[in-house]
Amino acid sequence: MLYSQLYEGKEQAEFEESLRNLFESINSMMKTDYTTTLLLRVAALKYLPTVLHDVEKVFDAKLLSEQLRDFYSCIPPEKLQKQKVASMTEIVSSLLFQRQECRDVLLPMMLRELSGALATMADGPHDERRNSLELLNNILEVLSRDNVGETFQHIQDIVVSLLRIINRTFITMGREHALISRVVACMTAILSQMDDRHYATYIETFAGSSDLVDFLMESFLLFKDLIGKHVYPSDWMAMIMVQNRVFLRAINTYADTMNQKFLNNNDFEVQLWNNYFHLAVAFITQESLQLQHFSSTKRNKILAKYGDMRELIGFAIRDIWYKLGSHKICFIPGMVGPILEMTLIPEEELRRATIPIFFDMITCEHAHSGNFHKFENEIILKLDHEVEGGGGDEQYMQLLETILLDCVSEKLTLRSEVQHFVALVKGLLIRLLDYRTVMNDESRNNRMSCTVNLLNFYKDINREGMYIRYLYKLRDLHLEGENYTEAAYTLLLHSRLLKWVDEMCSPQFEYRGSQTQRQLKETLYDTIIDYFDKGKMWEEAITLCKELAEQYENEIFDYELLSKRLEKQAKFYENIMKILRPKPDYFAVGYYGQGYPPFLRNKVFIHRGKEYERREDFQNQLMSQFPSAVRLNTTTIPGDDIRSSPLQYIQCFTVKSVLEIPPRLKNKPVPDQIINFYKSNYVQRFHYSRPVRKGPVDPNNEFVSMWIERTTFTTVYKLPGILRWFEATDMKHTTLSPLENAIETMESTNEKILTMINQYQADWTLPINPLSMLLNGIVDPAVMGGFAKYEKAFFTEEYNQQHPEDRDKLMRLKDLIAWQIPLLGGGISLHGKRVMDDLRPFHERMEECFKQLKKKVEKEYGVRELPEMDNRKSSRPRSVLRTFRQSIISISSLQGSECGTPTRLHSDRDNPPDSPSSWNSTLPRSSGSVSASVGAGEGMVTVGDAEVKLRKSKKKKKRSSMIFITEERERTQTLDCKRLSKKQEFRSDTNLADPGEGNVSLTNANSRSLPAITGLSLAVLGGAEEVDSVRARRDSKSMSVCVTSDRTADRRSKGVINLLFKSKSSKSEDVKPSDSAKGDANHF
């Protein structure tokens, strides 16, 4: 500058020449690799850019640019890279680089430098990589200005030199790289400055179609990766939206190129088009474009500046799909999922534009294959995932149905199939939307209900993979709530799909890796057995153990596993007999009102309570799930006003399960521990009884007008099952008369006595108070009034005249009253052994009351006696010894009886032991009568047309008997009684009869109200058949006789009780002949 001012511009040529010589000297130094010049070279790179501002004023800018180009070119490769790039960055920031002619000289040199630096960026030093990106960023920033002259060619040079390199750099660097966002920013800047001419020119630079396909594939994968997970923070909305706008333009431009070059049959690239569709769908479904999630202010700003880019790309996808022509079949079913995902976007115009693609897919596949099964299967599978993830709504379901039905209206050949498909998808959507609604609900029950609805739906349409998927979802929900029994039943459904074969499992069956069906089924069984064990459902666990044992013994011959399995099975048997299992209560729950979801609305469910769960606790827990619901305090079915109300109403009350005896237990003596299990398990019918008043009310005796309205609920499945509740699909209403109510009350009371005795015999640690309260409430009239009110209400001449049809029922009630006495006697005897000294006066008072009650009842209704237990030792194992606890029959086998039992009507002092009249009892019945006649040689009891012979008693000992119950479908059918020899008698271990002791056997064809006492010697009168000794030992155990009953009809007996009871009149040495059939009959 000073030189120029001194010579006033003269000798300019000399100055330029000297300056050129200076640069040449510096260049010569830059070429050297001496250590002594290193600092000089670094200084040159650092300070040379600082003098350019002044030098360009006195030196030609283009010539200066050429000198700078030569300066940087002289530096050896891979030497001083950091300093060189930093120096170039300073030059780009100078005014020199803003001149077009200077850029024409400098930019190619810089691009060559950047090309090499970016290509090795993934492995180079961090500072060098950062400086290279900064240099490129500065170049792009200068080129984006409006006052820097023509930039078209410069941008074109950058695109050709660096675009593909940057793409590959991003792929190799990985998302965790610290400079990845800078690389993406540079790539976005390049694409944003490209116009259509740049794209067209760049496309033409590719030598062949394969190279172009590779570039497009790389770009699509790169865009899809960046769209799926942005490299910028989610709150950098401006940067993300700019990137989306740039990518959208590039995608559409590349799509046009594909239409031109790769749509013809010969050039069609399936994978390229497939990548395009997946990229386009990923773009349209990205979170940053879902405007419905933004506030209205933010949404309006985005729409004003960028528009709704979803519609633009969506319409482009639709147009390109229809251009594919015959190639569409290549994308079915692969593109069904992506298109479905796009149609689920809550934008009506977009949905209307894209849903018709589904019908086009249906038409295409049907024309190709004759059906559209692939499309149907894929859309069901993808719909499940998409709706669960938050896509879809009721409007979408309605719009899908409307558009598809409109499209098929003119296609007669497809109409029925498409209509069926639409109905199928609609049903699935309803269930999926319900499931999604409650998926995050605090109510685990609602989630379980929706899960079961879905898995049942998939089972019905034979989609095993989805069915199994939801089975395990349900299993997990049960385990969260410690519902081990229900979890076991859930997994059992999976195991039933497998076979005991060594074939490999299909993919939908795989569980914990690849296994054979046998291995998977065995694994499942082990898990299920553990769950059943935790849930105390040992009967089910035993069934599976037997099946596994069969496989170990007869199929794979693994005796070691067999022994372990049998040990576990034996433990389950022991648990059944020794461990107390509390019976759960069942609750009927009605959900009324339109405020509930469809799967609950106006429906009644039967819930299985947990152990010791009270109705109040269950109801409070239920109300916590529906805090806005109104609790109905009535048990009647609500009217239409409540059902159609927009509110929520809950009705909850306790119901009683109806025992359903398994066929294998019918007519067999069964221990109480076994039969009690079936009282609350494998149940499908439930009763709710509500007392009502009819007719005149007697204030002194409420039983006269006490009717019972009974509702019987039948569930769709038995409980327990895969849920703790099932819908009640059938409800029937019946009415019980006061007399029938009295009979049920007596049956229930007798059952309570038997159950209590059973419990106290099993566990001597139980407190005595409950037994004391139960017995005292029955034997002391001052407490509860006893059954005296029944006598006043029903045992009158007036009642007999007004209700002649109740004759059998009256006899049944009398029989139950009579049989309550020996049961009370057994309970009081047990109470006397357990009572403490401080309660001894109370016990004596109770004994006194019982004596008076016994005297009265035996006088009025005859004598019923339980046998005395023989405590003699037995050489058999203790596990098969009979005890008094085991000898009590389950009352469930007694319910439903109609008639009484032949008994003595008076005590011994009224009928001496030798008096044959003590055997005289006649029961008038439509099925026949029971009479006793004694011949000279042996006693004979006549039952209808059958005769039962009585052997003489040689010793004056109390005789005992055991009840067996057989079914009789027609009441006119007679008994076929046969005589057995003494060797065929079943003798009790606790009351062994002497060989010479006779057994009196009376058979009543109609009574089932008498408790069966198994602990006694049994004489079955039969023919010549031999009784198997094994069965004799089995039957000699203490048992309850199981009989089916139906008390909801006329409550008449459907079975026969062969009653062998001890009569005090049998104490005589010989039974004298008597024609009792011709004597006066005693009716009761």
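Residues numbered from 1 in each chain as written. Predicted model: local features only at pLDDT ≥ 70, side-chain atom pairs only at ≥ 80, totals over all residues. Heavy atoms only, no water.

Caption draft 1: Inspection of the overall build of the protein at higher detail. Looking only at helices and strands, the protein features 39 helices and 14 strands. Here the protein holds 1084 residues, and 52% of them are scored as buried. Residue pairs in contact within the protein that sit at least 24 positions apart in sequence constitute 74% of those at least 6 positions apart. Surface accessibility of the protein: about 50,300 Å² in total, with carbon and sulfur atoms responsible for 50%. (Helix = DSSP H or I, 4+ residues; strand = E, 2+ residues; numbered from the N terminus. Buried < 20%, exposed > 50% of the residue type's maximum accessible area, 1.4 Å probe, protein only. Contact = heavy atoms within 4.5 Å. Areas by Shrake-Rupley, 256 points an atom, 1.4 Å probe, with all protein chains shown as cover.)

Caption draft 2: Representation of the packing of aromatic side chains in the model. For the structure shown, the criterion picks out 42 aromatic pairs. An angle of 80° between the planes, with centres 5.1 Å apart, marks the rings of Y489 and F532 as edge-to-face. Of this pair, Y489 sits in helix α25 (residues 484-495) while F532 sits in helix α26 (residues 517-534), and the two are 43 residues apart along the sequence. Y489 sits in the buried class, given a relative accessible area of 10%. Note on F677 and Y678: the rings are 5.2 Å apart at their centroids and 85° apart in plane angle, and the pair reads as edge-to-face. By relative accessible area, F677 is classed as buried at 5%. A cation sits over an aromatic face here: K298 above F294, 4.6 Å from the ring centre. Positioned above the aromatic ring of F795 is the side chain of K814, whose terminal nitrogen or guanidinium carbon lies 5.3 Å from the ring centre. (Phe/Tyr/Trp six-rings, centres within 6.5 Å; stacked < 30°, edge-to-face > 60°. Lys NZ or Arg CZ within 6 Å of the ring centre and 35° of its normal.)

Caption draft 3: Region of the structure containing the confidence of the model for the protein. Within the protein, residue pLDDT values average 78, and 77% of them lie at 70 or more. In this model residues 869-1084 is a low-confidence stretch, pLDDT under 50, and it forms 521 contacts with partners more than four residues away in sequence or in other chains. (pLDDT = per-residue confidence, 0-100.)

Caption draft 4: Inspection of the pattern of salt bridges at higher detail. In total, this model carries 40 salt bridges according to the counting rule given. Among the salt bridges present, the one from R164 reaches E218, with a minimum N-O distance of 3.4 Å. Of this pair, R164 sits in helix α9 (residues 152-173) while E218 sits in helix α12 (residues 209-228), and the two are 54 residues apart along the sequence. You'll find R164 and E218 in the same group, each marked buried. Here R318 ties to D319 by a salt bridge, and the two come within 3.2 Å at their closest N and O atoms. Salt bridges linked by common partners bring R164, R168, D211 and E218 together as one network. (Salt bridge = Lys/Arg side-chain N within 4 Å of Asp/Glu carboxyl O.)

Caption draft 5: Representation of the nonpolar core in the model. Ranked by size, the top nonpolar core spans 233 residues in total, and within it Y276, F358 and Y458 carry the most contacts. No other element matches the eleven residues that helix α22 (residues 415-439) contributes to this core. (Core = buried A, V, L, I, M, F, W, Y, C linked by side-chain atoms within 4.5 Å.)

Caption draft 6: Expanded view of the pairing of strand β1 (residues 586-592). Of all the seven residues making up β1, seven are buried; the element is thus mostly covered by neighbouring parts of the structure. Of the two faces of β1, the one carrying Y586, A588, G590 and Y592 and the one carrying F587, V589 and Y591 are both buried. When β1 meets strand β4 (residues 649-657), the two strands line up antiparallel, connected through seven bridges. Of the residues in β4, the one forming a bridge with G590 is Q651. (Pairing = 2+ DSSP bridges.)

Caption draft 7: Up close: the environment of P767. For P767, the location among the structural elements is in the loop between α32 (738-762) and α33 (769-779). According to the relative accessible area criterion, P767 is exposed, its value standing at 51%. Distance in space between the C-alpha atoms of P767 and R834 is 9.1 Å, their sequence separation being 67 residues.

Caption draft 8: View of unusual backbone geometry. For the bond running from I332 to P333, omega is 10°, close enough to zero to count as cis. Within the secondary structure, P333 sits in the loop between α16 (309-323) and α17 (336-343). In the segment running from L719 into P720, the intervening peptide bond is cis, with an omega of 0°. With respect to the secondary-structure elements, P720 resides in the loop between β7 (706-719) and β8 (725-736). The backbone of N667 shows a phi angle near 60°, a positive value even though the residue is not glycine.

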